[in-house]
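The residues making up each chain are set out below.
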Amino acid sequence: MRVLFIRHAAAADRAPSGGSDLDRPLTDDGREDARRMFKALARLYPEPNAVISSEAVRAYETADLFCEAFGKVKPAKSPLLNPGSGFKEFRKLVAEIGGKPDSIAIFGHEPDFSCILGQIIGDGGLRIDVKKASCIEVDINSICKGELKLLLTPKAVAKLCK
């Protein structure tokens with residue numbers, strides 16, 4: 001199964017009053033970077049069978065922009081992708097997805113994705129710094145081990161699209 005790991009785009013800083021980390025929305029620049037990135041991804045990939053986001057506003061807004069670029073699929077939320085999730089939660093998420101999809105896109109956070117990707121492609125011995133609004137394509141097998149196929153950042157997309 002192809003899994004697109006997409007980190008949320010740039011978000012507002014935490015409110016001085018403390019507010020919940022889950023409530024931070026995307027910035028205007030974050031939305032712009034995400035739209036540019038997802039327009040490029042829509043040219044590279046067929047629409048995924050499922051799009052799943054953490055419950056954080058910034059991740060869900062990023063997933064929603066992704067879905068706009070592809071057209072039909074709608075994002076779902078899962079607490080298994082909330083900040084602090086790891087490989088165990090990722091495996092549970094994959095197990096909960098029915099129908100053996102060809103591809104999924106998941107939207108979450110750092111350093112969570114770095115740790116999960118390290119377990120999938122490097123048995124925990126690999127570190128990938130996932131930049132905001134970046135996409136990492138991984139093909140995984142039934143035990144959630146796999147191979148890195150692509151790492152694409154918004155900065156690279158901006159240069160390619162000039």
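See the structure above.
Note that the structure is a prediction, hence the values are computed from the model and not measured. (Residues numbered from 1 in each chain as written. Predicted model: local features only at pLDDT ≥ 70, side-chain atom pairs only at ≥ 80, totals over all residues. Heavy atoms only, no water.)

Digging into helix 2 (residues 57-70)
Link 1 in the chain: Taking 1.5 Å of rise per residue, the 14 residues of helix 2 would be expected to cover 20 Å, and the 20 Å separating its terminal C-alpha atoms lies within 8% of that figure.
Link 2 in the chain: Among all positions of helix 2, only Arg58, Ala59, Thr62, Ala63, Leu65, Phe66, Cys67 and Phe70 are buried.
Link 3 in the chain: Next to the buried residues of helix 2 lie strand 1 (2-7), helix 1 (28-44), strand 2 (50-53), strand 3 (75-77) and strand 4 (103-108).
Link 4 in the chain: Gly71 occupies a position one or two residues after helix 2 and carries a positive phi of about 110°. (Helix = DSSP H or I, 4+ residues; strand = E, 2+ residues; numbered from the N terminus. Expected span 1.5 Å × (residues − 1). Buried < 20%, exposed > 50% of the residue type's maximum accessible area, 1.4 Å probe, protein only. Contact = heavy atoms within 4.5 Å.)

A short note on the environment of Ser54
Link 1 in the chain: Along the chain, Ser54 turns up in the loop between strand 2 and helix 2.
Link 2 in the chain: Remark: the alpha-carbon pair of Ser54 and Ala76, spanning 22 residues in sequence, is separated by 8.5 Å.
Link 3 in the chain: When sequence neighbours within four positions are dropped, the list of residues in contact with Ser54 reads Ala59, Tyr60, Lys77, Ser78, Leu81, Asn82, Phe107 and His109.
Link 4 in the chain: Within the local environment of Ser54, its side chain forms a polar contact with the backbone nitrogen of Ala56, the two atoms lying 3.0 Å apart. (Polar contact = N/O pair within 3.5 Å; in protein donor to acceptor, adjacent residues only side chain to side chain.)

Notes on the pairing of strand 2
Link 1 in the chain: Taking every second residue as pointing to the same face, both faces of strand 2 are buried, with Ala50 and Ile52 on one and Val51 and Ser53 on the other.
Link 2 in the chain: Sheet topology places strand 2 next to strand 4; four bridges connect them, and they run parallel. The residue of strand 4 that forms the bridge with Ala50 is Ile104.
Link 3 in the chain: With three bridges joining them, strand 2 and strand 3 adopt parallel strand pairing. Its bridge partner lying in strand 3, Val51 is registered against Pro75.
Link 4 in the chain: At this point the chain moves from strand 2, through helix 2, to the parallel strand 3, and the crossover so formed is right-handed. (Pairing = 2+ DSSP bridges. Right-handed = clockwise from strand over helix to strand, strands pointing away.)

Some points on the packing of helix 1 against helix 2
Link 1 in the chain: Running from N to C, helix 1 and helix 2 cross one another at 40°; their axes reach a closest spacing of 9 Å. Overall, the two elements helix 1 and helix 2 adopt an arrangement that is oblique. Once helix 1 is placed against helix 2, the crossing between them reads as right-handed. Contact with helix 1, carried on its side by Arg31, Ala34, Arg35, Phe38, Lys39, Leu41 and Ala42, involves Glu61, Thr62, Leu65, Phe66, Ala69 and Phe70 of helix 2 and no other residues of that element. (Axes fitted to C-alpha atoms, helices over the stretch in contact; angles between N-to-C directions. Parallel < 35°, antiparallel > 145°, perpendicular 65-115°, else oblique. Left-handed = near helix turned anticlockwise from the far one by under 90°.)

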